[in-house]
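Breakdown of the fold
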Amino acid sequence: MDKKQGTDGPKPITVIGFEGSANKLGVGIIRDGEVLSNPRHTYITPPGQGFLPRDTAKHHQAHILDVLQQALDMAKVKPQDIDCVAYTKGPGMGAPLVSTAVVARTVAQLWNKPLLGVNHCIGHIEMGRRVTGAVNPVVLYVSGGNTQVIAYQLKKYRIFGETIDIAVGNCLDRFARVLKISNDPSPGYNIEQMAKKGEKLIDLPYGVKGMDVSFSGILSYIEDAAQSLLDSKQATPEDLCFSLQETVFAMLVEITERAMAHCGSEEVLIVGGVGCNERLQEMMGIMAAERGAKVFATDERYCIDNGAMIAQAGWEMFRTGHVTPLADSWCTQRFRTDEVEVTWRDDSGEPI
Amino acid sequence: MADKMEDSPSLAVQQSRERGSGDSSVSSSNMAEIPTVVQIIERQAASGESSAAGGGTGPPGSLHHPGFVLFKQGAEARLYRGTFLGRPTVLKERFSKKYRHPRLDEKLTTKRTQGEARTVARARKAGIPTPCIYFVNYQSNCIYMEDLRCATTSRDYIVAVQSVGAGDSFRALQPIMDKIGKILATMHDGDIIHGDLTTSNIMLKQDASATDPEVVLIDFGLSSVSQLAEDKGVDLYVLEKAFLSTHPNTETLFRVILKSYTKHSRKSKDVIKKLDEVRLRGRKRTMVG
């Protein structure tokens with residue numbers, strides 16, 4: 001099988017990807033693994049507020065045609081050059097997902113191109129693998145909506161460990177609201193900057209359960225305790241950010257290490273919005289070095305939800321024969337990573 | 001991997017015919033294909049292999065523990081074998097994890113060592129077979145415990161049986177699953193939460209004189225004491241996930257554990273209900289905060 005990215009023989013495959021499962025709206029175009037464009041527009045709420053489905057959907061509806069035009073212009077690509085229209089089928093928030101999918105379905109019919117529904121988590125994984133060159137890593141996928149430790153095994157991205165309640169990004173975002181930290185550019189980014197100035201480590205509950213983690217305990221603890229700790233001057237807001245990060249990231253590194261020990265893996269790839277966090281990357285790097293393993297991570301272009309990652313996963317799926325008929329192009333809020341048949345990798349994980 | 005006792009072509013033909021027809025009658029030639037626990041234990045002792053997932057390389061015969069030899073390095077602890085007070089001993093040394101903040105690291109390491117020692121004592125009082133703890137050094141986070149001679153992990157045994165691929169691997173494993181369910185029921189009825197149930201932490205011990213293997217639980221580092229059905233449900237959930245991810249297509253086997261657990265536990269109804277709830281959580285998670 002030709003393993004090169006279409007440099008000789010088969011014609012290059014160009015895929016456009018639509019992503020809008022949360023508050024980030026992105027449209028990206030990929031040609032045989034090369035990112036031609038990847039514009040994004042984020043719905044940012046005032047400090048102290050989270051984003052709700054209806055308002056997020058309105059945001060996506062208001063901006064998607066502009067972002068789509070940008071994607072085509074920046075890539076210098078015309079509709080007829082596109083081979084496949086990929087969109088996020090799920091998981092995510094219902095109304096925003098559908099707002100994005102409607103446009104994907106429309107252009108697919110307008111341009112007479114096949115449609116492909118993509119799993120959001122797999123988008124992150126495939127973009128991470130493409131950008132970093134990691135061959136067969138244990139993947140830590142951490143974002144506002146998801147926290148999973150994933151490894152490829154026999155045609156599936158199997159979930160070895162995950163949160164049994166809320167995602168780590170959700171925990172961080174909700175804590176940011178308690179302290180009224182700005183959501184611009186994202187609450188997690190601002191917590192990270194504040195944490196860098198924190199010094200004191202507050203004792204917080206640690207929730208590792210076997211290969212899984214639990215964050216609702218630490219969140220409710222710190223939500224309750226924050227005000228009294230600040231009032232009694234036992235901690236500054238920076239100390240609280242620092243303590244929360246150190247604790248939740250240690251939990252994530254621990255379950256990742258367990259999965260690596262279980263699988264005998266020497267590579268770890270961090271994807272998802274929380275993966276941008278440099279402290280998390282640093283901690284993972286220390287753990288990996290002690291085991292003789294390597295850490296792979298991407299920058300905010302690809303960590304954070306974007307259209308190109310959907311296009312990349314779509315590229316893999318399309319070239320191995322997947323297509324989503326219009327009648328099946330619905331969206332779903334719940335879509336497990338291990339539900340997808342990974343037809344583009346063989347039993348040992350090599351590309352097909 | 002398994003012992004194949006094929007001493008003649010005609011025997012091999014008979015075996016394959018019986019396997020193919022799904023014949024459920026027990027014939028000695030068929031059962032001979034499935035390794036016994038004792039066979040696995042002996043094979044591992046001879047070759048020095050074990051559940052080596054994540055085995056790292058550490059210095060043999062550590063300077064810090066004269067007389068002890070490193071035989072396994074896990075993510076959190078190193079295991080050494082040696083003699084202590086004249087008894088064959090396993091030394092479990094929890095080491096510091098440098099990626100963690102030093103205060104968090106110290107807190108976790110000490111808590112886990114102490115927790116392990118205390119919970120093992122409590123478990124033994126409740127009648128749960130675990131290695132006997134001889135000594136704990138809280139400064140170095142070292143636990144000196146009984147070396148389980150003649151034992152293998154249920155993980156290794158299940159893998160060995162399944163790799164033979166014969167139709168009655170289920171029947172060979174079922175009695176062991178029954179025992180595991182019973183031990184877990186006793187443990188939870190004693191309000192002990194193991195916290196890290198995997199098939200690598202459930203040992204099968206059988207010396208040559210015993211007729212059946214004994215189930216022994218190890219690695220209580222994440223354990224706690226709790227009356228809550230939620231905690232017990234999560235404990236079973238952790239085992240279910242570990243079980244199914246390590247041993248594909250063993251759903252029916254795992255159900256034997258749950259059935260035995262329900263039969264032997266006085267408080268199983270709420271626990272199983274919580275287990276069902278936790279299973280669904282992975283599928284019902286919403287993103288809205």
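Here's a quick rundown of the structure.

Here the focus is the overall build of chain B. Scanning chain B from terminus to terminus reveals 9 helices and 10 strands. Relative to its full complement of 289 residues, chain B shows a buried share of 49%. At a minimum sequence separation of 6, the contacts of chain B that also span at least 24 residues come to 62%. A total of about 14000 Å² of accessible surface is found on chain B, and carbon and sulfur atoms cover 54% of it.

A few words now on the overall build of chain A. In terms of regular secondary structure, chain A is built from 10 helices and 13 strands. The globule rule puts the C-alpha radius of gyration for 352 residues at 20 Å, and the 20 Å found for chain A is close to it. The dimensions of chain A, computed from C-alpha atoms along their principal axes, are 65 × 45 × 30 Å. In chain A, buried positions account for 59% of the 352 residues. Restricting the contact set of chain A to residue pairs at least 6 apart, pairs at least 24 apart contribute 77%. Split by element, the accessible area of chain A, about 13300 Å² in all, is 51% carbon and sulfur. Chain A carries 35 positive and 43 negative side-chain charges, and their two centres are separated by 4 Å.

Next up on the list: the interface of chain B and chain A. Listed by partner, the interface residues are 33 residues for chain B and 45 residues for chain A. Counting each side, the surface lost to burial between chain B and chain A is near 3500 Å², with a carbon and sulfur contribution of 52%. Remark: the boundary between chain B and chain A carries 9 salt bridges. We note a salt bridge from glutamate 290 of chain A to lysine 98 of chain B, for which the minimum N-O separation is 3.6 Å.

Turning next to helix H6 (residues 169-189) of chain B. For H6 of chain B, which comprises 21 residues, the first-to-last C-alpha distance of 30 Å matches the rise-based estimate of 30 Å (1.5 Å per residue) to within 8%. Of all the bends in H6 of chain B, the greatest measures close to 30 degrees and is centred on proline 175 of chain B.

A few words on a positive patch on the surface. Residues and elements named next belong to chain B. Taken together, the side chains of Lys179, Lys182, Lys259 and Lys263 present a region of like positive charge at the surface. Of all the secondary structure elements, the ones that give two or more residues to the positive patch are H6 and helix H8 (251-264). Examined against the element boundaries, lysine 259 turns out to sit in helix H8.

In this section: the pairing of strand S12 (residues 267-271) of chain A. All names here are of chain A. Of all 5 residues making up S12, 5 are buried, and the element is well covered by its neighbours. Where burial is concerned, the two faces of S12 agree: the one with Glu267, Leu269 and Val271 and the one with Val268 and Ile270 are both buried. As judged from the 4 bridges shared by strand S7 (residues 138-142) and S12, these two strands associate in the parallel manner. By the bridge assignment, valine 138 is partnered in S12 with valine 268.

On to helix H10 (residues 307-319) of chain A. All names here are of chain A. Taking 1.5 Å as the rise per residue, H10 with 13 residues should run 18 Å; its terminal C-alpha atoms sit 18 Å apart, in good agreement. Taken together, the buried positions of H10 are Gly307, Ala308, Met309, Ile310, Ala311, Gln312, Ala313, Gly314, Trp315, Glu316 and Met317. Where H10 is buried, its residues touch strand S1 (14-19), strand S2 (24-31), strand S3 (34-37), strand S5 (84-90), strand S6 (115-119) and helix H3 (120-132). Looking at where H10 begins, the residue whose side-chain oxygen comes 3.2 Å from the main-chain nitrogen of alanine 308 is asparagine 306. After H10 finishes, the residue glycine 321 shows a positive phi value of roughly 100 degrees.

Here we take up the sheet that holds strand S6 (residues 151-153) of chain B. All names here are of chain B. Ordered by their spatial adjacency, 3 strands build an open sheet running S6-S8-S9, and the pairing between neighbours is antiparallel. Among the strands making up the open sheet, the edge pair consists of S6 and strand S9 (214-217). Taking the axes of each pair of neighbouring strands and ignoring which way they run, one obtains an average angle of 35 degrees across the sheet. The sheet contact formed by strand S8 (residues 202-205) and S9 spans 4 bridges and is antiparallel. When the sheet's bridge partners are listed, lysine 205 is paired in S9 with glutamate 214. Relative to S6, helix H3 (residues 37-47) is tilted by about 95 degrees, and along the sheet it contacts S6 and S8. Its contacts with the sheet place H6 against S8 and S9, and it is angled at close to 45 degrees to S9.

So, on to the environment of aspartate 173 of chain A. Residue and element names in this part refer to chain A. Position of aspartate 173 among the secondary structure elements: in helix H4 (residues 168-178). Residues aspartate 173 and glycine 144, 29 residues apart in the sequence, show an inter-C-alpha distance of 7.3 Å. When neighbours within four sequence positions are excluded, aspartate 173 is seen to be in contact with Gly144, Pro187 and Gly188.

Residue and element names in this part refer to chain B. By the secondary structure assignment, threonine 250 is in the loop between helix H7 (229-246) and H8. With a relative accessible area of 1%, threonine 250 lands in the buried category. Separated by 2.5 Å, the side chain of threonine 250 and the backbone oxygen of histidine 247 make a polar contact. Dropping the residues within four chain positions of it, threonine 250 is found in contact with Gln162, Phe243 and Leu244.

Looking now at the packing of helix H5 (residues 154-164) of chain B against H6 of chain B. All names here are of chain B. Relative orientation of the contacting elements H5 and H6 amounts to 165 degrees, with a least axis distance of 9 Å. Comparing their axes, H6 and H5 come out roughly antiparallel. The two elements H5 and H6 meet at a crossing, and its hand is left-handed. Two secondary-structure elements touch here, H5 through Tyr157, Ile158 and Val161 and H6 through Ser169, Leu173, Ile176 and Met177. In terms of residue class, the contact of H5 with H6 is made up of 6 nonpolar, 1 polar and no charged.

For any two aromatic rings, the description comes down to two numbers: the centre-to-centre distance and the angle of the planes. For the structure shown, the criterion picks out 6 aromatic pairs over all chains. Between the aromatic rings of phenylalanine 135 of chain B and tyrosine 144 of chain B, the centroid separation amounts to 5.6 Å while the plane-to-plane angle is 55 degrees, which identifies the pairing as tilted. Classification of tyrosine 144 of chain B by relative accessible area gives buried; the value is 13%. Taken together, the aromatic side chains of Phe68, Phe84, Phe135 and Tyr144 of chain B make up a single cluster linked through ring pairs. One Lys or Arg, lysine 89 of chain A, reaches over the ring of tryptophan 330 of chain A and ends 4.1 Å from the middle of that ring. Positioned above the aromatic ring of phenylalanine 71 of chain B, the side-chain terminus of arginine 81 of chain B is 4.1 Å from the ring centre.

Residue and element names in this part refer to chain A. Taken N-terminus to C-terminus, the directions of H4 and helix H6 (residues 216-231) make an angle of 10 degrees; their axes are 10 Å apart at the nearest point. As summarised for this structure, H4 and H6 are arranged roughly parallel, according to the angle between their axes. Between H4 and H6, the residues in contact are Cys171, Arg174, Phe175 and Val178 and Ile218, Leu219, Ile222, Glu223 and Ala226, respectively. For the contact of H4 with H6, the per-class residue count stands at 7 nonpolar, no polar and 2 charged.

Attention now goes to unusual backbone geometry. Cis geometry marks the peptide bond from glycine 90 of chain A to proline 91 of chain A; its omega dihedral reads -10 degrees. Its place among the elements puts proline 91 of chain A in the loop between S5 and helix H2 (94-111). The linkage connecting aspartate 184 of chain A with the following residue, proline 185 of chain A, adopts the cis geometry, with an omega of -5 degrees. Assignment of secondary structure puts proline 185 of chain A in the loop between H4 and helix H5 (187-196). The phi torsion at aspartate 32 of chain A lies on the positive side, around 45 degrees, for a residue other than glycine. By the secondary structure assignment, aspartate 32 of chain A is in the loop between S2 and S3. What makes aspartate 32 of chain A buried here is its relative accessible area of 11%. The residue cysteine 150 of chain B is not glycine, and still its phi comes out positive at about 55 degrees. If you trace the backbone, cysteine 150 of chain B turns up in the loop between strand S5 (142-146) and S6. On the basis of relative accessible area, cysteine 150 of chain B is assigned to the partly exposed category, the value being 35%.

Parameters at a glance
Residues numbered from 1 in each chain as written. Chains lettered and ligands numbered in written order. Predicted model: local features only at pLDDT ≥ 70, side-chain atom pairs only at ≥ 80, totals over all residues. Heavy atoms only, no water. Helix = DSSP H or I, 4+ residues; strand = E, 2+ residues; numbered from the N terminus. Buried < 20%, exposed > 50% of the residue type's maximum accessible area, 1.4 Å probe, protein only. Contact = heavy atoms within 4.5 Å. Areas by Shrake-Rupley, 256 points an atom, 1.4 Å probe, with all protein chains shown as cover. Rg over C-alpha atoms; globule rule 2.2 N^0.38 Å. Lys, Arg positive; Asp, Glu negative; His and termini not counted. Charge placed at Lys NZ, Arg CZ, Asp CG, Glu CD. Buried area = accessible area lost by both parts, 1.4 Å probe. Salt bridge = Lys/Arg side-chain N within 4 Å of Asp/Glu carboxyl O. Expected span 1.5 Å × (residues − 1). Bend = angle between axes of the 7 residues up to and from the residue. Patch = residues over 30% accessible without salt bridge, like charges linked within 9 Å, V, L, I, M, F, W, Y side chains within 5 Å. Pairing = 2+ DSSP bridges. Polar contact = N/O pair within 3.5 Å; in protein donor to acceptor, adjacent residues only side chain to side chain. Axes fitted to C-alpha atoms, helices over the stretch in contact; angles between N-to-C directions. Parallel < 35°, antiparallel > 145°, perpendicular 65-115°, else oblique. Left-handed = near helix turned anticlockwise from the far one by under 90°. Nonpolar A, V, L, I, M, F, W, Y, C, P; charged D, E, K, R; others polar. Phe/Tyr/Trp six-rings, centres within 6.5 Å; stacked < 30°, edge-to-face > 60°. Lys NZ or Arg CZ within 6 Å of the ring centre and 35° of its normal.

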